Amino acid sequence: QLAEHRQRHGPPPWHRPAAARADTLAALVAAVDLRGRGGAGFPVARKLEAVAARPGRPVLVVNGVEGEPLAAKDRALLVAAPHLVLDGAQAVARAIGATALLVVTQERVVPSVRRAAAERTGAARDPVPVTVIGAERAFVAGEETAVVHWITAGDPRPTARPPRPVERGVDGRPTLVHNAETLAQLALLLARGPKWYRAVGTRAEPGTTLVTLSGAVRRPGVYEVALGEAVAAIVERAGGATEPLRALLVGGYFGVYRAAPAALRATWSRAGLAAIDASPGAGVLHLLGASLCPVAEAGRLARLLAGQSAGQCGPCARGLPEIAAGLRALGEIGPAAAPAVRARVERWMGEVSGRGACRYPDGAVAVLRSALELFRDDWDQHARGGCVAAGG
C-alpha cells in the first residue's frame with residue numbers, strides 16, 4: 001500500500017531538487033556510479049544525458065519483462081515493492097520531461113503494478129500518467145529494443161542496428177528504457193542521498209543489488225546483497241548448497257559457467273566477478289550440484305537458446321541449432337570421432353559470434369563455450385560411454 005510505502009521511504013522523491021532536471025539527476029547518479037541492473041551494467045547517467053540531448057518530448061519505459069529464465073528479481077520487486085519502482089520512474093520522467101511513462105512487465109505482474117498506479121491519484125497524483133502493458137515472456141523479449149518493438153508493433157524482436165531507442169523509439173520519440181531494479185535503486189538514492197547509499201557496498205561500487213539464487217541451494221529465491229559480498233556468503237545466506245557443487249552459472253543464461261571453488265571465492269560486483277572472467281549479468285547465481293550431469297545440462301541449455309531466438313538472422317536461425325545438435329552429438333559419439341565433432345562445434349561458435357542481427361547469438365555462444373571448456377572431461381567420458389556425474 002502507498003501509505004505504508006510513504007511511511008517507510010518518505011515523500012515522493014521526484015519532489016527533490018536533484019530530479020528537477022536531467023543534468024542534476026545525472027550528476028547525482030554519477031556520484032555513486034549507478035549502473036543499470038538489467039544485464040549490461042550501462043552507466044545510468046549516460047543514458048539520462050543521451051535522451052536529454054535529443055529534441056522532442058521523450059518517453060520513459062520501465063522494463064520489467066525479465067526474459068532471463070533464471071531471474072526473478074524484477075518480478076519480485078514489482079509485486080512486493082511496486083511503489084519504489086514507480087517513485088524512481090516518476091523522478092526520471094520529471095527530470096527528462098517525459099510525457100508518457102510505460103511499464104512493461106509479465107502478464108502475471110500487471111495487476112500488482114496497476115493497483116499501485118491506481119493508488120497514486122488524487123492528492124497523491126504523480127506528474128506523469130502510467131500505462132501498464134503485459135509482455136510476452138521470451139528470452140529475447142527483455143532486451144530494450146525488443147521491449148520497444150513490443151510496444152510499437154506487438155513483436156518482441158531485438159536489433160543491433162540504429163536508430164537506438166534513445167534516438168527514435170516509441171511513437172518515433174526519444175525513448176529511455178530502464179530496468180525495474182535500476183529505478184528502485186534510483187528512488188532510494190534520491191530519497192536517502194549518496195552518503196546513505198555509499199554506506200554499504202565497495203568504494204568503487206556502492207549500494208546493494210538483487211540476486212536470484214536457484215539450483216542446488218537450500219532456499220532458492222531473490223536476495224538483496226551488498227555489492228562486494230562474497231559469493232560463498234550469499235550462498236550461505238540462502239541456506240547453503242544441498243550437495244557438493246561442481247560449478248556455478250554466474251550471470252544467467254548469458255553468463256558463464258565457472259568451477260565452484262573459484263566462483264565461491266569471488267565477490268559479487270563487476271570488479272569481483274571480473275577476476276573470474278564473469279559479470280553479474282541479470283543478477284543470477286545457479287548452482288550445479290555434483291549429481292547433475294553437466295553434459296545433459298549444457299545440451300538442454302543449447303536447445304533452449306536455439307529455440308528462444310527471434311530467428312531473424314542466419315547465426316540464430318541456423319547456427320544455434322547446429323551448435324545444439326553438435327553438442328548433443330559430442331556427448332554421444334565415440335572417442336575416435338569426438339575430436340572432429342568438437343572442432344566443428346568450436347568453428348561454428350566462432351562463425352556465429354559477432355555476426356547476429358542483435359547480441360543474442362553472442363551471449364548464447366559465450367555461455368555454451370564456457371560449458372564446453374569447463375566440462376571437457378565430462379564430454380570425453382560421455383564419448384567413451386560413461387558419465388562422471390555423481391548421479392551417473
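Anyway, here's the lowdown on the structure attached to this text. Please read all numbers here as calculations on a predicted model, not as lab measurements. (Residues numbered from 1 in each chain as written. Predicted model: local features only at pLDDT ≥ 70, side-chain atom pairs only at ≥ 80, totals over all residues. Heavy atoms only, no water.)

## What to know about the overall build of the chain
Then step 1. Each helix and strand counted, the chain has 17 helices and 11 strands in total.
Then step 2. The C-alpha radius of gyration computed for the chain amounts to 22 Å, which stays within 12% of the reference 21 Å derived for 392 residues, consistent with globular compactness.
Then step 3. When the backbone C-alpha atoms are referred to their principal axes, the chain occupies close to 75 × 45 × 35 Å.
Then step 4. By residue count, 54% of the 392 residues in the chain fall in the buried class.
Then step 5. Long-range pairs, those at least 24 residues apart, make up 70% of the contacts in the chain with a sequence separation of at least 6.
Then step 6. Element-wise, carbon and sulfur atoms account for 53% of the exposed surface of the chain, whose accessible area totals about 16200 Å². (Helix = DSSP H or I, 4+ residues; strand = E, 2+ residues; numbered from the N terminus. Rg over C-alpha atoms; globule rule 2.2 N^0.38 Å. Buried < 20%, exposed > 50% of the residue type's maximum accessible area, 1.4 Å probe, protein only. Contact = heavy atoms within 4.5 Å. Areas by Shrake-Rupley, 256 points an atom, 1.4 Å probe, with all protein chains shown as cover.)

## Comments concerning the packing of helix H2 (residues 22-31) against helix H3 (residues 44-52)
The relative placement of two packed helices is expressed as an angle between their axes plus a distance between the axes.
Then step 1. The contact between H2 and H3 brings their axes to 8 Å, and the two run at 165 degrees. With respect to their mutual orientation, H2 and H3 come out roughly antiparallel. Here H2 and H3 pass one another in a crossing that is left-handed. Side by side, H2 and H3 meet where Ala22, Leu25, Ala26, Val29 and Ala30 of the first sit next to Val44, Ala45, Leu48, Glu49 and Ala52 of the second.
Then step 2. In terms of residue class, the contact of H2 with H3 is made up of nine nonpolar, no polar and one charged. (Axes fitted to C-alpha atoms, helices over the stretch in contact; angles between N-to-C directions. Parallel < 35°, antiparallel > 145°, perpendicular 65-115°, else oblique. Left-handed = near helix turned anticlockwise from the far one by under 90°. Nonpolar A, V, L, I, M, F, W, Y, C, P; charged D, E, K, R; others polar.)

## Quick look at the sheet that holds strand E5 (residues 208-215)
Then step 1. The five strands are arranged E6-E5-E11-E8-E9 in an open sheet whose pairing can be described as mixed. Both edges of this open sheet fall to strand E6 (221-226) and strand E9 (256-259), since each of them pairs with a single strand only. Each adjacent strand pair in this sheet contributes to an overall mean axis angle of 30 degrees, direction not counted.
Then step 2. Here strand E8 (residues 245-250) runs beside strand E11 (residues 284-289); their pairing, made up of five bridges, is antiparallel. Among the inter-strand pairings, Leu249 is bridged to a residue of E11, identified as His286.
Then step 3. Lying on the sheet, helix H16 (residues 360-374) is in contact with E8 and E9; it crosses E9 at an angle near 25 degrees. (Pairing = 2+ DSSP bridges.)

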